[in-house]
Each structure stands twice: as structure tokens, then as C-alpha cells.
Amino acid sequence: IGDYELRNVRTAFAPAATRSKQNGADGILGNGFICHFNVVFDYGRGRLYLKPNVAFGTPFEIPVQ
């Protein structure tokens, strides 16, 4: 994403019959991803701004206990 390389990001994939009907909407990035950024939705311009926050350096994977 931009200049950032993200590894091991958890993503959900729903069956074609239940996922978004938008072309190319195959996966969902959830809170495990988004909590690493400050997020601004610019709906008027159709843009999403992401700025790494203090959680950016922490792993995406949650250890299984």
C-alpha cells in the first residue's frame, strides 16, 4: 500500500455467492489491519488516506494460545 510493504495481514475471503457484487471485491481487510493506521475517508474525492500510527510496528498475526 503506497510505499509500505505489509506482510502476514489477516484477510477474510467469502464465497462468491455472499461477497460484495463489486468487481474485484474478493477479500476483506478488517480491524487487524486498519488499527495500524490513522484513517481518513474522503468520500467526495473517492480517496482513502492511511497514516501509520504507533501500532504500525506491531505484528499483524495474533498468536494462537
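Calculation criteria
Residues numbered from 1 in each chain as written. Predicted model: local features only at pLDDT ≥ 70, side-chain atom pairs only at ≥ 80, totals over all residues. Heavy atoms only, no water. Helix = DSSP H or I, 4+ residues; strand = E, 2+ residues; numbered from the N terminus. Polar contact = N/O pair within 3.5 Å; in protein donor to acceptor, adjacent residues only side chain to side chain. Contact = heavy atoms within 4.5 Å. Pairing = 2+ DSSP bridges. Phe/Tyr/Trp six-rings, centres within 6.5 Å; stacked < 30°, edge-to-face > 60°. Buried < 20%, exposed > 50% of the residue type's maximum accessible area, 1.4 Å probe, protein only.

Here Asp 42 is to be found in strand 3 (residues 37-42). Polar contacts involving the side chain of Asp 42 include one to the main-chain amide nitrogen of Arg 45, which spans 3.2 Å. Ignoring any residue separated from it by four or fewer positions in sequence, one finds Asp 42 in contact with Arg 47 and Tyr 49.

A word on the pairing of strand 4 (residues 47-52). One ladder, built from 6 bridges, connects strand 3 with strand 4; its direction is antiparallel. Each residue of the ladder has a partner; that of Phe 41, found in strand 4, is Leu 48. The turn joining strand 3 and strand 4, which pair antiparallel and follow one another in sequence, is formed by 4 residues; a positive phi near 65 degrees is taken by Gly 46.

What follows is about the packing of aromatic side chains. Evaluated as defined, the whole model comprises 3 aromatic pairs. Judged by centre distance (5.5 Å) and plane angle (70 degrees), the rings of Phe 37 and Phe 56 are edge-to-face. Placement of Phe 37 in strand 3 and of Phe 56 in the segment after strand 4 is noted, with a sequence separation of 19 residues between them. Geometrically, the ring pair formed by Phe 41 and Tyr 43 is stacked, given 5.8 Å between the ring centres and 10 degrees between the ring planes. Tyr 43 gets classed as exposed once you look at its relative accessible area, which sits at 70%. Among the aromatic residues, those joined into a cluster by ring pairs are Phe 33, Phe 37 and Phe 56.

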